[in-house]
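Overview (structure and organization)
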Amino acid sequence: MVPHLITALTGPINELEQRILESLPAIERWFRLEWMEHTPPFYTSVDVRNAGFKLAPVDTNLFPGGFNNLTPEMLPLAVQAAMAAIEKICPEAKSLLLIPEKHTRNTFYLANVRRLMHIFHMAGLNVRLGTLDSALIVPTDIALPDGSTLKMEPLVRTRGRLGLKDFDPCTILLNNDLSAGVPPILEGLTEQYLLPPLHAAWVVRRKTKHFAAYEEVAKRFAKLLGMDSWLINPLFAQCGEVNFTDGTGAEALMESADALLTKVKRKYKEYGIQEKPFLIVKADAGTYGMGIMTVRDPKELLELNRKSRNKMSVVKDGLEVSEVILQEGVPTYERVHDAVAEPVVYMIDRYVVGGFYRVNAERGIDENLNSPGASFVPLAFAESNQLPRADVKPGVSAPNRFYMYGVIARLAMVAASYELEATDPGLETYE
């Protein structure tokens, strides 16, 4: 099933699809060489937007939830990728401690945790759950809607190691983005592998750093294919010292938005795009679709009502927003069941293991879909009998379209590896 595109099937996105398919050997070699020089994040999910005239990542998550939205047919790929990742990091690993988010009332998130446990169990590891919630002091069974349970256990710290009572793992997997900061119990774990590393957490990460790295990657990739990097790269700008509560920094924010919108308009004119450009303003750190707004006119930023200011001022874990990224809005012209949709691609190590469409009938083509009302429709990445075929007309083959999504998502993953290297306190490049 190829999603319904409102844009003409002869548009630039089909030219891009054709170019990517024709360049498949060169593309795969390019990725192979990148991974010889750089280490991929342990696992990654990337939100991709298909505007018909450009295809670009708009968010990259290094602590992805949502593995429960992958179909059972995708699991063999995920298990194989998990095996490859573990073998590379710790071949003798036999036990894995998984540390999830604290929100144990979110049954969708708990289904994600259970799916992750299943993947790593099938990869040959004993998996148990430890929680950062200090209120949980004894092992506790948490019920899921289907009648199954997850056992959450209190963490036990012993010198340079972290585990559970009677469980001393060699590897610790975080599925918690540590938005509120790094708890002391996770610091100084010199004797175990902690994945992803602490500097992948939002307490260190900035979206502007990621998209600066992505811009570099996109330019090099576009040169390989002989194309304009803008077709796969959302323009962006950073604005710091913003306080949405009292309006501090609103003038500077408006000026930055006006300058960025001017750049986008220039590209629209160059490509003869008739749609009205827009921007997305979002917190420079954080996830869960919080602290995000669509801006069609920079003057809107001076006239925010109280509801909009409150929405933008605080993100996950109650953290105040003081830095924002202004990002070129990439509209999505994809539809699933007549609702606006965007593909989300999931990767473990350097491998695409599946994905889904985030669908939201309550949102428009220029709005954030990761919000109340969202639902998920699986993508058929994992069907082994559906490899991409260069001989098929662009825009009509699901495997070809999904391969293209996977290429864009992997470019974002390469950018994330650059980003993590640049912020690694153990490397000389640390700033």
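Residues numbered from 1 in each chain as written. Predicted model: local features only at pLDDT ≥ 70, side-chain atom pairs only at ≥ 80, totals over all residues. Heavy atoms only, no water.

**Details of the overall build of the protein chain**
When its secondary structure is counted, the protein chain shows eight helices and 19 strands. Expressed as a percentage of its 431 residues, the buried residues of the protein chain come to 55%. Within the protein chain, contacts between residues at least 6 apart in sequence are counted, and of these 70% link residues at least 24 apart. When the accessible surface of the protein chain is totalled, it reaches about 19300 Å², and 52% of it is carbon and sulfur. (Helix = DSSP H or I, 4+ residues; strand = E, 2+ residues; numbered from the N terminus. Buried < 20%, exposed > 50% of the residue type's maximum accessible area, 1.4 Å probe, protein only. Contact = heavy atoms within 4.5 Å. Areas by Shrake-Rupley, 256 points an atom, 1.4 Å probe, with all protein chains shown as cover.)

**Some details on helix α6 (residues 250–271)**
Every α-helical turn comprises 3.6 residues, leaving residues that sit three or four positions apart pointing alike. With 22 residues, α6 should cover 32 Å at 1.5 Å per step; its first-to-last C-alpha distance of 32 Å lies within 8% of that length. Those residues of α6 lying buried are A250, L253, M254, A257, L260, L261, V264, K267 and Y268. Taken down its axis, α6 places every buried residue within 140° of arc, on the same side. More than 90 degrees from the buried face of α6, the exposed residues found are E255, R266, K269 and E270. (Expected span 1.5 Å × (residues − 1). Arc of directions from axis to C-beta.)

**So, unusual backbone geometry**
L195 connects to P196 through a cis peptide bond whose omega is -15°. With respect to the helices and strands, the residue P196 is situated in the loop between β11 (193–195) and α5 (207–225). Phi is positive for R159, which is not a glycine, with a value near 50°. Within the secondary structure, R159 sits in the loop between β8 (156–158) and β9 (161–163). The phi dihedral of L178 is positive, around 55°, even though this residue is not glycine. Within the secondary structure layout, L178 lies in the loop between β10 (171–175) and β11. Take L178: its relative accessible area is 3%, and that puts it in the buried class.

**Brief notes about a negative patch on the surface**
A cluster of like negative charges, contributed by E251, E255, D258, D297 and E303, occupies part of the molecular surface. Positionally, D258 belongs in helix α6. (Patch = residues over 30% accessible without salt bridge, like charges linked within 9 Å, V, L, I, M, F, W, Y side chains within 5 Å. Salt bridge = Lys/Arg side-chain N within 4 Å of Asp/Glu carboxyl O. Lys, Arg positive; Asp, Glu negative; His and termini not counted. Charge placed at Lys NZ, Arg CZ, Asp CG, Glu CD.)

**Regarding the pattern of salt bridges**
A full pass over the atoms with the stated rule returns 16 salt bridges. One salt bridge connects E153 with R128, and the closest N-O pair in it is separated by 2.8 Å. One end of the pair, E153, is in strand β7 (residues 149–154); the other, R128, is in strand β5 (residues 126–131), with 25 residues separating them in the sequence. With a relative accessible area of 7%, E153 lands in the buried category. For R161, the salt bridge is made with E191, and the minimal N-O distance between the two is 3.7 Å. Here R161, found in strand β9, pairs with E191, found in the loop between β10 and β11; they are 30 residues apart in sequence, far enough to count as distant. By relative accessible area, which is 21% here, R161 ends up partly exposed.

**Notes on the sheet that holds β10**
Strand order in this open sheet of six strands is β6-β7-β5-β4-β10-β11, and the pairing throughout is mixed. Of all the strands in the sheet, just β6 (140–143) and β11 have a single pairing partner and so form its edges. In this sheet, adjacent strand axes meet at a mean angle of 35° when their direction is disregarded. For β6 and β7, the ladder comprises four bridges, and the chain directions are antiparallel. Bridged to T140 within β7 is M152. (Pairing = 2+ DSSP bridges. Axes fitted to C-alpha atoms, helices over the stretch in contact; angles between N-to-C directions.)

**Comments concerning the pairing of strand β18 (residues 351–360)**
Across the ten residues of β18, eight count as buried, placing the element largely inside the fold. Note: strand β17 (residues 339–348) against β18, nine bridges, orientation antiparallel. For V340, the partnering residue across the bridge sits in β18 and is N360. Counted along the chain from β17 to the antiparallel partner β18, the turn is two residues long, and its residue D349 has a positive phi close to 55°. Here β18 pairs with strand β19 (residues 374–378) via five bridges, running antiparallel. Residue pairing in the sheet places R358 in a bridge with F376 of β19.

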